[in-house]
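# Observations on the three-dimensional arrangement
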Amino acid sequence: MTLTDVDRKLAERYGRTRSTASRRMTWVLVGVVAVAATGLLGWSTVSNAINSVDADSTGFAVVDEHTVEVRFQVSIRPDTKVACALEAQDPDHGIVGFRVVELESSDDHTRALTERIRTTAEATTGFVRSCWIL
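Read on for an overview of the structure. Since we're looking at a predicted model, the values are computed, not measured.

With that settled, consider the pairing of strand 2 (residues 67-75). It is a general feature of regular strands that their side chains alternate between the two faces of the sheet. Counting buried positions over the nine residues of strand 2 gives seven, a clear majority of the element. Relative to strand 2, strand 1 (residues 54-64) runs antiparallel, the two sharing nine bridges. Paired with A61 across the strands is E69, a residue of strand 2. In this antiparallel pair of consecutive strands, strand 1 and strand 2, the connection spans two residues.

Take the pairing of strand 4 (residues 95-103) next. Pairing of strand 3 (residues 82-89) with strand 4 involves eight bridges; the strand directions are antiparallel. Paired with A85 across the bridge in strand 4 is V100. In this antiparallel pair of consecutive strands, strand 3 and strand 4, the connection spans five residues, and H93 shows a positive phi of 65 degrees.

Let us now look at the sheet that holds strand 2. What the three strands build is an open sheet, ordered 1-2-5; its pairing is antiparallel. Whereas interior strands pair on both sides, the edge strands pair on one side only; in this sheet they are strand 1 and strand 5 (110-118). Looking at each pair of strands side by side, their axes are set apart by 20 degrees on average, direction ignored. As paired strands, strand 2 and strand 5 are joined by nine bridges and run antiparallel to one another. The partner of T67 across the bridge, within strand 5, is R118.

The strands that make up a sheet are held in pairs by hydrogen bonds between backbone atoms, and each pair lies either parallel or antiparallel. Reading across from one edge, 4-3-6 is the order of the three strands in this open sheet, with antiparallel pairing throughout. Two strands in the sheet have a free side with no partner beyond their single neighbour: strand 4 and strand 6 (125-133). Shown here is a sheet whose adjacent strand axes are inclined to one another by a mean of 20 degrees, direction ignored.

Moving on: the pattern of salt bridges. Within the structure shown, the criterion is met by four salt bridges. Between E69 and R116 there is a salt bridge whose closest N-O contact spans 3.3 Å. On the criterion of sequence distance, the pair formed by E69 in strand 2 and R116 in strand 5 is long-range, its members being 47 residues apart. Take R116: its relative accessible area is 45%, and that puts it in the partly exposed class. Across the pair R129 and E87 runs a salt bridge, and its minimum N-O distance is 3.1 Å. One end of the pair, R129, is in strand 6; the other, E87, is in strand 3, with 42 residues separating them in the sequence. R129 gets classed as partly exposed once you look at its relative accessible area, which sits at 47%. In this structure E87 comes out as buried when scored by relative accessible area, which is 2%.

Attention now goes to the state of the cysteines. Taken as a whole and assessed by the stated rule, the structure comprises one disulfide. Each sulfur in the disulfide pair C84 and C131 lies 2.0 Å from the other. Where C84 bonds to C131 through sulfur, the torsion about that S-S bond is close to 110 degrees, and the disulfide is right-handed. With C84 in strand 3 and C131 in strand 6, this residue pair connects regions lying 47 residues apart in the sequence. You'll find C84 and C131 in the same group, each marked buried.

Definitions and cut-offs
- Residues numbered from 1 in each chain as written.
- Predicted model: local features only at pLDDT ≥ 70, side-chain atom pairs only at ≥ 80, totals over all residues.
- Heavy atoms only, no water.
- Buried < 20%, exposed > 50% of the residue type's maximum accessible area, 1.4 Å probe, protein only.
- Helix = DSSP H or I, 4+ residues; strand = E, 2+ residues; numbered from the N terminus.
- Pairing = 2+ DSSP bridges.
- Axes fitted to C-alpha atoms, helices over the stretch in contact; angles between N-to-C directions.
- Salt bridge = Lys/Arg side-chain N within 4 Å of Asp/Glu carboxyl O.
- Disulfide = S-S within 2.5 Å.

Okay, here's the thing in structure tokens:
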């Protein structure tokens, strides 16, 4: 029996195996899909970061029993309108004041702001609840 006879008998018994070119094409295709998926994930991460708002409370002051002053900073892409929800709470963490503030677009990336919230009872804290793009 020659080598070609052995190959033919194995092919008849087990079926033909894929050629080396076919395997190579499969790996190239897998590589292209992996690169495309990585690029898509990177692009979605960057685009979400560009359109996000970062708001941090930097302090508060109780002005009187019906007013609290909240100091905060907002970081956003320049020339973007933003709204922020400010909240005042009592010692039991009950909400005693709430206000939504709309911030006009600005050339600055980060802005420091101070806003007053009217309260129904004396507040012990004031902070930024959340911000979003308008």
